[in-house]
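Descriptive structure summary
Spelled out from the first residue to the last, the chains are:
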Amino acid sequence: MNISLHTGAVAAPVSRPATPFFYGGQAVIEGVLMRGPTGWAVAARRPDGQIALRKDKLKSVLYRGRFFRLPFIRGVVGLVEMLHLGTSAMMWSANVKAKADDIEIGRGAIIITIIASLCFSGLIFFGLPLLAGGALQRRGGSLAFTAVEGVTRALLLIAYLWLISFIPDIRRLFQYHGAEHKTINAFEAGEPLTTDGVGAQSRLHPRCGTGFLVVVVAVSIVVFTFVGRPPLPFLIASRILLIPVIAGISYEIIKLGARHSANPVVKRLLWPVLAAQYLTTREPDASQMEVAITAFTNVREDERVEKEMLR
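Residues numbered from 1 in each chain as written. Predicted model: local features only at pLDDT ≥ 70, side-chain atom pairs only at ≥ 80, totals over all residues. Heavy atoms only, no water.

On to the overall build of the chain, then. In terms of helices and strands, the chain carries 13 helices and 5 strands. When the 311 residues of the chain are sorted by exposure, 41% land in the buried category. Put simply, 70% of the contacts in the chain that link residues at least 6 apart link residues at least 24 apart. Within the structure as shown, the chain displays about 16500 Å² of accessible surface, and the carbon and sulfur contribution to it stands at 67%. (Helix = DSSP H or I, 4+ residues; strand = E, 2+ residues; numbered from the N terminus. Buried < 20%, exposed > 50% of the residue type's maximum accessible area, 1.4 Å probe, protein only. Contact = heavy atoms within 4.5 Å. Areas by Shrake-Rupley, 256 points an atom, 1.4 Å probe, with all protein chains shown as cover.)

This brings us to the pairing of strand β3 (residues 31–35). In terms of burial, β3 is a largely internal element, 5 of the 5 residues being buried. On β3, burial covers both faces: G31, L33 and R35 on one face and V32 and M34 on the other are all buried. Counted along the chain from strand β2 (residues 24–28) to the antiparallel partner β3, the turn is 2 residues long, and its residue E30 has a positive phi close to 55 degrees. Pairing geometry for β3 and strand β4 (residues 39–45), over 5 bridges, is antiparallel. What sits directly across from L33, in β4, is V42. Between β3 and β4, which pair antiparallel one after the other, the connecting turn spans 3 residues. (Pairing = 2+ DSSP bridges.)

Below, the discussion takes up the pairing of strand β5 (residues 51–57). Within β5, 6 of the 7 residues are buried, which leaves the element mostly enclosed by the surrounding structure. Bridge count between β4 and β5: 7 bridges; the pairing is antiparallel. By the bridge assignment, W40 is partnered in β5 with D56.

Here the focus is the confidence of the model for the chain. Caution is warranted with low-pLDDT regions, since their predicted coordinates should not be read in detail. Taken as a whole, the chain shows an average pLDDT of 82; of its residues, 83% reach a score of 70 or greater. When pLDDT is averaged over each element of the chain, helix α6 (residues 195–199) comes out on top at 96 and strand β1 (residues 2–6) at the bottom at 44. (pLDDT = per-residue confidence, 0-100.)

Turning our eyes to something else, we now look at the nonpolar core. If you look at the biggest cluster of nonpolar residues, it comprises 22 residues, and the most contacted ones within it are M34, A43, L193, V198 and F296. Among the elements of the structure, β3, β4, β5, α5 (168–188) and α13 (286–310) are those that each provide at least two residues to this core. In terms of residue count, α13 provides more of this core than any other element does, 7 residues in total. (Core = buried A, V, L, I, M, F, W, Y, C linked by side-chain atoms within 4.5 Å.)

Our focus in this paragraph is the environment of Q50. Structurally, Q50 is set in the loop between β4 and β5. The exposure class of Q50 is partly exposed, given its relative accessible area of 25%. Between the alpha carbons of Q50 and V291 there is a distance of 9.6 Å; along the sequence they are 241 residues apart.

This next bit is on a nonpolar patch on the surface. Together, F126, L232, I236, I240, L241 and I243 make up an exposed nonpolar region whose accessible area comes to about 560 Å². Turning to its location among the elements, L232 is positioned in helix α8 (residues 232–241). Judged by relative accessible area, L232 falls into the exposed class, the value being 54%. (Patch = residues over 30% accessible without salt bridge, like charges linked within 9 Å, V, L, I, M, F, W, Y side chains within 5 Å. Salt bridge = Lys/Arg side-chain N within 4 Å of Asp/Glu carboxyl O.)

To continue, consider the pattern of salt bridges. All chains considered together, the criterion is met by 9 salt bridges. Here E149 makes a salt bridge to R239, at a shortest N to O gap of 2.7 Å. With a gap of 90 residues between them, E149 in helix α4 (residues 142–164) and R239 in helix α8 connect regions that are remote in the sequence. A relative accessible area of 0% means that E149 is categorised as buried. Residues E188 and R207 are paired through a salt bridge, measuring 2.8 Å at the closest nitrogen-oxygen approach.

Bringing unusual backbone geometry into the picture now. Notably, E30 is not glycine yet its phi reads approximately 55 degrees, a positive angle. With respect to the secondary-structure elements, E30 resides in the loop between β2 and β3. In this structure E30 comes out as buried when scored by relative accessible area, which is 15%.

This part takes up helix α9 (residues 243–259). Under the 1.5 Å per step criterion, the end-to-end length of α9 is 24 Å for 17 residues, consistent within 8% with the ideal 24 Å. Within the span of α9, buried status applies to I246, A247, G248, S250, E252, I254, K255, G257 and A258. (Expected span 1.5 Å × (residues − 1).)

All right, on to the packing of aromatic side chains then. To describe a pair of aromatic rings, one takes the distance between the centres and the angle between the planes. Applying the stated rule across the entire model yields 5 aromatic pairs. Centre to centre, the rings of Y23 and F187 are 5.3 Å apart; their planes meet at 80 degrees, and the pair counts as edge-to-face. Highlighted residues: Y23 in the loop between β1 and β2 and F187 in helix α5, separated in sequence by 164 residues. Across this residue pair, the class does not change: Y23 and F187 are buried. (Phe/Tyr/Trp six-rings, centres within 6.5 Å; stacked < 30°, edge-to-face > 60°.)

The following block contains the structure:
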């Protein structure tokens with residue numbers, strides 16, 4: 001693992017690999033996480049203007065094993081990866097900001113906060129939709145039940161994202177999310193990874209996690225329809241146990257859509273996936289794009305060094 005400081009990021013055009021890899025990322029507190037095929041990097045802006053950088057290799061078999069890259073399996077792995085790398089990067093970026101104010105955030109405090117947030121999210125996005133669907137217990141079939149449950153979940157998600165977007169710190173997080181998308185869009189378009197080249201790109205991307213949630217809601221309606229309306233304990237168990245199935249299917253749909261995004265029919269089908277990102281992205285400023293570029297170029301540079309060592 002390497003941790004260093006940078007004053008900015010103005011990179012030259014980056015060559016693309018012969019076999020394309022779908023780079024991904026995530027916004028963190030005052031920064032951006034970027035994930036490559038063999039490693040990851042997270043950069044965060046310090047209050048003094050410098051950019052703190054942390055990077056490491058993906059050593060676990062979860063990231064390297066062929067089995068975990070199989071269709072449908074890789075969707076579940078992606079979900080686990082998002083939680084693992086995303087949580088680690090978020091904890092690190094929180095401490096980068098806190099240390100500037102001479103505050104040390106303990107790992108335990110952060111873990112407790114994350115667990116509490118997940119429990120709250122579970123109650124809101126799983127409990128309330130089940131209650132709404134339960135209102136049709138005697139009036140509708142399983143399709144109506146799961147449709148109401150799914151639509152309720154979608155509306156709650158939209159309302160939640162819209163409300164938190166008014167919080168200043170969340171708005172900045174959404175700007176870094178936009179910077180992450182713009183950087184990856186610039187790379188995939190063959191544009192230079194400079195603030196001008198990145199700034200000209202769209203802040204929307206077909207492989208976004210927000211879009212993934214949209215697909216998850218749609219797929220869950222179909223999958224849960226086959227479950228029907230069993231007794232409450234089995235109903236709750238089905239919602240938990242079928243998460244890997246729904247994640248696997250949703251991932252393949254997102255990946256297929258991203259590969260064929262230029263197709264006119266696919267482009268129309270992707271509209272909800274892209275439209276949802278207007279809730280979770282904002283236009284970044286130049287300093288935020290520099291952070292995203294720093295994270296991305298470091299991931300790419302480590303790949304180049306690794307390939308040269310293997311020759």
